[in-house]
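Observations on chain architecture
Listed here are the chains, written in short residue letters.
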Amino acid sequence: MPVETPRLILREMTQHDRPQLSAILQDEETMAAYEGAFDDTMVDVWLERMLTRYQEDGFGLWAVVLRETGEMIGQCGLTRQHIMNEDVIEVGYLFNRSFWHQGFAIEAASACRDYAFESLTIDRLYAQIRDTNIASMNVAIRLGMTVRGRFVKHYRGVDMPHLAFALDRFA
Ligand SMILES: CC(C)(COP(=O)(O)OP(=O)(O)OC[C@H]1O[C@@H](n2cnc3c(N)ncnc32)[C@H](O)[C@@H]1OP(=O)(O)O)[C@@H](O)C(=O)NCCC(=O)NCCS
């Protein structure tokens, strides 16, 4: 760490990133697949959870920062998840809406995929994606992932059908 790409630096979030994190998690459209914008408490819990993940796992969703300006424009990284009865590692990505459609998600997520295979040496990387989230599925496909299964996640009182995308290290 940190993970770097031509335009981006990925680093651990701190409490100082809370305003930029809120700009992502409290935006209704960005959070559509998560059943809408988070309130302040949910943002606090999310951030605390990431700080714990960094300590316990050595990774989590990292801040994605523009090299040129130092501005945090998104989150992308790796988290431990339980998907279809298996403990797995997932790549996740959520970007500030002002920065969508510039290839940033692909650039950041590709670097995380490479980090997962080369540094963590895991054999399979997952992405769990709600069946309505086409933008996210297209990112997963661009990463080389294919659909491995489907399942229903119960989150915020709603049953959400999800697809499990994955890529194998030696594919
Ligand atoms: C998913 C998300 C991270 C994509 O971010 P992005 O920076 O705009 O993505 P990129 O610019 O890297 O786009 C890469 C590819 O993703 C796909 N894509 C991105 N936005 C899309 C959209 N609205 N509809 C369809 N495909 C889309 C396209 O294939 C695109 O390639 P193209 O630009 O050549 O068409 C962004 O839409 C987001 O933050 N969404 C809300 C949070 C979320 O749902 N995260 C995923 C949870 S599983």
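Our structure is the block above this text.
The structure contained in this document is the topic of the report that follows. (Residues numbered from 1 in each chain as written. Predicted model: local features only at pLDDT ≥ 70, side-chain atom pairs only at ≥ 80, totals over all residues. Heavy atoms only, no water.)

**Notes on the side chain of T5**
How we decide: Here a strand is any run of E in DSSP of at least two residues, a helix any run of H or I of at least four, and the numbering for each starts at the N terminus. Two residues qualify as a contact provided that any one of their heavy atoms is within 4.5 Å of a heavy atom in the partner residue.
One can find T5 in the loop between β1 (3–4) and β2 (8–11). Not counting the four nearest positions on each side in its chain, T5 is found in contact with R67, E107 and A111.

**Side note on the packing of helix α1 (residues 18–25) against helix α2 (residues 40–57)**
Formally: Axis lines are fitted to C-alpha atoms, over the contacting stretch for helices. Their N-to-C directions set the angle, which ranges from 0 to 180 degrees. Less than a right angle of anticlockwise turn of the near helix away from the far helix marks a crossing as left-handed, whereas a clockwise turn marks it as right-handed. Three classes are used, and their members are as follows: Ala, Val, Leu, Ile, Met, Phe, Trp, Tyr, Cys and Pro are nonpolar, Asp, Glu, Lys and Arg are charged, and the others, Gly among them, are polar.
Contact geometry of α1 with α2 gives a least axis separation of 10 Å together with a crossing angle of 120 degrees. In the crossing of α1 with α2, the sense of the turn from one axis to the other is right-handed. Of α2, the residues touching α1 (which contributes R18, L21, S22 and L25) are D40, V43, D44, W46 and L47. Its residues placed into classes, the contact of α1 with α2 shows 5 nonpolar, 1 polar and 3 charged.

**Focus on the site of the ligand**
For clarity, the cut-off: By convention in these notes, a residue is near a molecule or strand provided one of its non-hydrogen atoms lies within 4 Å of it. Any pair of nitrogen or oxygen atoms within 3.5 Å is treated as a polar contact; in protein, a donor-acceptor pairing is required on top of that, and neighbouring residues in sequence qualify only through side-chain atoms on both sides. Method for areas: the Shrake-Rupley scheme with a 1.4 Å probe, in which residue coverage is limited to the protein chains shown.
Y93, H101, G103, N133 and R142 are the nearest of the 20 residues found near the ligand. Taking W100, its side chain carries an N or O atom lying 3.2 Å from an oxygen atom of the ligand. Between the ligand and the protein, one listed contact pairs an oxygen atom with a backbone N or O atom of Q102 at 3.3 Å. Starting from 910 Å² of accessible surface for the ligand in isolation, the protein chains cover 77%. Elements that contribute at least two residues to the shell around the ligand include exactly β5 (86–95), α3 (104–118) and α4 (134–142). The leading source of residues in the shell around the ligand is α4, at 6 residues. In terms of residue class, the shell around the ligand is built from 11 nonpolar, 8 polar and 1 charged.

**Here we look at the pairing of strand β4 (residues 72–83)**
What counts, and what does not: Burial here depends on accessible area, computed with a 1.4 Å probe over protein chains only, as a share of the maximum for the residue type. Under 20% is buried, over 50% is exposed, and the range in between is partly exposed. Note on pairing: two strands pair once DSSP finds at least 2 bridges between them.
For β4, the tally of buried residues reaches 9 of 12 residues, placing the bulk of the element in the interior. In this structure, strand β3 (residues 61–66) lies alongside β4, joined through 5 bridges in antiparallel fashion. Bridging from a neighbouring strand, V64 pairs with G74 of β4. Remark: 5 residues form the turn of the hairpin made by β3 and β4, two consecutive strands paired antiparallel; G70 in that turn has positive phi of roughly 80 degrees. As paired strands, β4 and β5 are joined by 10 bridges and run antiparallel to one another. Paired with Q81 across the bridge in β5 is V88.

**As for the nonpolar core**
Under the convention used in this document: What is meant by a nonpolar core is a set of buried Ala, Val, Leu, Ile, Met, Phe, Trp, Tyr and Cys residues, joined one to another through side-chain atoms within 4.5 Å.
The biggest cluster of nonpolar side chains holds 52 residues, and the ones touching the most others in it are L78, V91 and Y93. In terms of residue count, the dominant contributor to this core is α3 (9 residues). Core analysis: the next-biggest nonpolar cluster, separate from the first, contains 6 residues, I83, V88, Y126 and A166 among them.

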